[in-house]
Amino acid sequence: MTRRAYLFDSPDRFVAGTVGQPGNRTFFLQAREGDRIASVVLEKVQVAALAHRLGELLEELRRRGVDAPETIAPSDVDERPLDEPLIEAFRAGTLTIGWDPQHERVVLEALAMTEGDEDDDDEDDAEDEDDEDEDEGSFDLLALADGDVDGPDFVRVRLTTAETAAFVERSLRVVAAGRPPCPICGRPLDPQGHLCPRKNGYLN
């Protein structure tokens, strides 16, 4: 089956967002350009890793003299929910990022999960579990998916440095908006509490 490529060279919007309640959230990357929308499911830890790596990329670009904002005004952060219709294009396996110096754009690519990715994934299906020790998943430095017509589906987005900084800020907020930590053990609290290991299994 020929791979599907979702290309967004000048997206009107590119955000990370969630559906569901804390403790049972599904995470998405979503790009929109005109009437075209592509929504990709991924893990919470992948969103956190992506924001971290993009932040590092912006720091490196500033060191090289590229105009990249260090802070984002609150009014510049997209707080709106994900666009509808919310239809999953695929579940992300590999994420790649890089810099296109010719067009001065950050390039981000999400490739669909393959059987090899699934074999390496020992996590369960819960999207919002305590992931402090989880693997960040496959995360490469810009290995674009062009050329192989039989490879995994992919979404590619090109962003200005300002758009990248705004994406990072929103992503950090999305990740932090999950379940509050237990004040005793630090693990996420469910609405009804949780079995705290530091209280010998009693609910906290």
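What you see is a predicted model; the values in this text were computed from it and never measured.

A. Region of the structure containing the pairing of strand β4 (residues 36–42). Burial analysis of β4 places five of its seven residues in the buried class, the great majority of the element. Pairing analysis gives seven bridges linking strand β3 (residues 26–33) to β4, with the strands arranged antiparallel. Within the sheet, the bridge partner assigned to Phe28 lies in β4 and is Val41. Linkage of β3 to β4, two consecutive antiparallel strands, is achieved through a turn of two residues, within which Gly34 is found at a positive phi near 65 degrees. By the bridge criterion, three bridges tie β4 to strand β5 (residues 88–100) in an arrangement that is parallel. Counterpart to Ser39 in the pairing with β5 is Glu88.

B. Molecular detail of the side chain of Asp100. Here Asp100 lies in strand β5. Overall, the relative accessible area of 14% leaves Asp100 in the buried class. Discounting chain neighbours no more than four positions away, the residues touching Asp100 are Arg105, Val107 and Arg158.

C. Quick peek at helix α3 (residues 161–176). The end-to-end C-alpha distance of α3 is 23 Å, a good match for the 22 Å that 16 residues give at a rise of 1.5 Å each. Within α3, burial applies to Thr161, Thr164, Ala165, Ala166, Phe167, Val168, Arg170, Ser171, Val174 and Val175. Next to the buried residues of α3 lie β2 (13–19), β3, α1 (44–63), β5, β6 (105–112) and β8 (154–159).

D. Representation of the packing of α1 against α3 within the structure. In the contact formed by α1 and α3, the axes pass within 9 Å of each other and the chain directions differ by 145 degrees. Handedness of the α1/α3 crossing: left-handed. Side by side, α1 and α3 meet where Lys44, Val47, Ala48, Leu50, Ala51, Leu54, Gly55, Leu58 and Leu61 of the first sit next to Thr161, Thr164, Ala165, Phe167, Val168, Ser171, Leu172 and Val175 of the second. The class makeup of the residues in the contact of α1 with α3 is 12 nonpolar, four polar and one charged.

E. Structural view of empty space enclosed by the protein. Under the counting rule described, the total for this entry stands at one cavity of 30 Å³ or more. Taken as a whole, the largest cavity holds about 40 Å³ of empty space. Lining of the largest cavity is provided by Phe14, Leu29, Gln30, Ala31, Ala38, Val40, Leu108, Ala110 and Val155. Those elements giving two or more residues to the lining of the largest cavity turn out to be β3, β4 and β6. The residue inventory of the lining of the largest cavity, partitioned by class, reads eight nonpolar, one polar and no charged.

F. Broad picture of the nonpolar core. By size, the foremost hydrophobic cluster in this structure holds 36 residues, and its most contacted members are Phe14, Leu29, Leu50, Leu54 and Val155. With seven residues, the top contributor of residues to this core is α1. Dropping the residues within four chain positions of it, Phe14 is found in contact with Leu29, Gln30, Ala31, Leu108, Val157, Leu159 and Phe167.

G. Main features of the packing of aromatic side chains. Evaluated as defined, the whole model comprises two aromatic pairs. On the basis of an interplanar angle of 45 degrees and a centroid distance of 6.4 Å, the ring pair of Tyr6 and Phe90 is categorised as tilted. Separated by 84 residues along the polypeptide, Tyr6 in strand β1 (residues 5–8) and Phe90 in strand β5 bring together distant segments of the chain. Centroid distance Phe14 to Phe167: 4.8 Å. Interplanar angle 15 degrees. Geometry classified as stacked. Pair noted here: Phe14 is in strand β2 and Phe167 is in helix α3, with a separation of 153 residues, a long-range link. With respect to burial, Phe14 and Phe167 carry one shared label: buried. Looking at Arg36, its charged tip hangs above the ring of Phe8, at a distance of 4.4 Å from the centre.

H. Region of interest: the pairing of β3. Judged by how many residues are buried, β3 sits mostly within the fold: six of eight residues are covered. Summarising the sheet, β2 and β3 pair through seven bridges and their orientation is antiparallel. Bridge pairing in β3 links Thr18 to Phe27. Hairpin connection from β2 to β3: six residues lie between these consecutive antiparallel strands, with Gly20 at a positive phi of about 110 degrees.

Scoring rules and cut-offs
Residue positions within a chain follow its written sequence, with the count starting from 1. Totals for whole chains, interfaces and linings use every residue, but because this is a predicted model, local features are given only for residues with pLDDT of at least 70 and side-chain atom pairs only at 80 or more, for both listing and counting. Heavy atoms throughout the structure, all of them, feed into the side-chain values; hydrogens and water do not. Burial status follows relative accessibility: with a 1.4 Å probe on protein chains alone, a residue under 20% of its type maximum counts as buried, one over 50% as exposed, and anything between as partly exposed. A run of H or I in DSSP becomes a helix once it reaches four residues, and a run of E becomes a strand once it reaches two; helices and strands are each numbered from the N terminus. Here a strand pair is declared whenever DSSP counts at least two bridges between the two strands. Should any heavy atoms of two residues lie within 4.5 Å, those residues are considered in contact. Multiplying 1.5 Å by the residue count of a helix minus one yields the expected span of that helix. Lines fitted to C-alpha atoms define the axes here, with helix axes fitted over just the stretch in contact, and angles between the N-to-C directions of these axes take values from 0 to 180 degrees. Definitions for this section: a left-handed crossing has its near helix turned counterclockwise from the far helix by less than a right angle. A right-handed crossing has that turn clockwise. Gly is placed with the polar residues, together with every amino acid not listed as nonpolar (Ala, Val, Leu, Ile, Met, Phe, Trp, Tyr, Cys and Pro) or charged (Asp, Glu, Lys and Arg). Only protein atoms enter the 1 Å grid, on which a cavity is a set of points fitting a 1.4 Å probe that cannot get out and a pocket is an open set with protein on both sides within 12 Å along at least 5 of 7 lines, lining residues being those with an atom within 4 Å of a point. Grid points are joined across faces, edges and corners, and a volume is the space filled by probe spheres set on the points. The criterion is simple. A nonpolar core is a set of buried Ala, Val, Leu, Ile, Met, Phe, Trp, Tyr and Cys residues joined through side-chain atoms within 4.5 Å. Ring pairs shown here join Phe, Tyr and Trp side chains whose ring centres sit within 6.5 Å, with only the six-membered ring taken for Trp; geometry is labelled stacked below 30 degrees between planes, edge-to-face above 60, and tilted in between. Distance and angle both matter: a charge sits over a ring if NZ of Lys or CZ of Arg is within 6 Å of the ring centre and within 35 degrees of the ring normal.

Bear in mind that shape data such as this cannot, by itself, settle questions of function.
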